[in-house]
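Geometric and topological summary
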Amino acid sequence: MFICTVRANTLKFFAIIAVSLAALCAIILAIPEYEPVTTKAVAAEAEKYTYDKIKTVDDVAGFLAQFGWEVDGTPLEEVEIRIPDEFDKVMNSYNELQKKQGLDLAKYRGKTVKRYTFRVTNYPDYSGDVMANVIVYKKKVIGGDLCSADVTGFICGFEGVDKAK
């Protein structure tokens, strides 16, 4: 024969645990998913450019032409890359650059994307090589940059260093 006794203190303890778990679940469900808010200026700026319908290399070159950049017809590199699941310090910094131009790579964590790299032929007031990187996922530009190939160079959004300031 097995006898189990339950005291009132034990019942109160489990009741408090159950209520606490229910309250925690309600709080978690009530918190909205974080979506960074872009400023009206960034949103208005992004509206004048088309970021979708990227199917070919020529479409990528046309995308860059919207910003006034002329590129060599053939990309220097066309590779598939994977956006990391967890962003480190460098990736967070790069994503901040993307957010300034109205894009956000955080939405594409863990996805395999295509990166096109072109040499920009008309970058003003710079004598070194300038590269344009365009990151495309499902026929849509989701990120990218202009950067110099020099060690002491620069990296900026699609509008360039002077325009981004």
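Refer to the structure printed above.
The sections below set out a description of the structure shown in this document. (Residues numbered from 1 in each chain as written. Predicted model: local features only at pLDDT ≥ 70, side-chain atom pairs only at ≥ 80, totals over all residues. Heavy atoms only, no water.)

Within this structure, the stated rule accounts for zero disulfides. No disulfide involves cysteine 156; its sulfur sits 8.4 Å from that of cysteine 147, the nearest cysteine. (Disulfide = S-S within 2.5 Å.)

Turning next to the pairing of strand S3 (residues 130-137). Among the eight residues of S3, eight are classified as buried, and the element is accordingly described as predominantly covered. The two faces of S3 match: Val130, Ala132, Val134 and Val136 on one face and Met131, Asn133, Ile135 and Tyr137 on the other face are all buried. Across seven bridges, the pairing between strand S2 (residues 112-120) and S3 is antiparallel. Counterpart to valine 120 in the pairing with S3 is valine 130. Sheet topology places S3 next to strand S4 (residues 140-148); eight bridges connect them, and they run antiparallel. By the bridge assignment for S4, tyrosine 137 is matched with lysine 140. (Buried < 20%, exposed > 50% of the residue type's maximum accessible area, 1.4 Å probe, protein only. Helix = DSSP H or I, 4+ residues; strand = E, 2+ residues; numbered from the N terminus. Pairing = 2+ DSSP bridges.)

With that settled, consider the packing of aromatic side chains. In total, this model carries nine aromatic pairs according to the counting rule given. Ring centres of phenylalanine 63 and phenylalanine 67 lie 5.3 Å apart, and the angle between their planes is 70 degrees; this geometry places the pair in the edge-to-face category. For phenylalanine 63, a relative accessible area of 2% gives the class buried. For phenylalanine 67, a relative accessible area of 6% puts it in the buried group. Through successive ring pairs, a cluster of aromatic residues spans Tyr49, Tyr51, Phe63, Phe67 and Phe158. (Phe/Tyr/Trp six-rings, centres within 6.5 Å; stacked < 30°, edge-to-face > 60°.)

Moving on to helix H3 (residues 57-65). The α-helix advances 3.6 residues per turn, and as a result positions three or four apart in sequence lie on the same side. Of all the positions in H3, only Val60, Ala61, Phe63 and Leu64 are classed as buried. Down the axis, H3 shows its buried residues gathered within 155 degrees of arc, on one side only. (Arc of directions from axis to C-beta.)

The first and last C-alpha atoms of helix H4 (residues 89-100) sit 17 Å apart over 12 residues, in line with the 16 Å expected at 1.5 Å per residue. All of the buried residues along H4 are Met91, Tyr94, Asn95, Leu97 and Gln98. Viewed end-on, H4 has its buried residues packed into an arc of 150 degrees, placing them on one side of the element. Facing away from the buried surface of H4 by more than 90 degrees, the exposed residues are Lys89 and Lys100. Its side-chain oxygen placed 3.3 Å from the backbone nitrogen of valine 90, aspartate 88 serves as the N-cap of H4. A positive phi of about 85 degrees marks glycine 102, the residue just after H4. (Expected span 1.5 Å × (residues − 1). Polar contact = N/O pair within 3.5 Å; in protein donor to acceptor, adjacent residues only side chain to side chain.)

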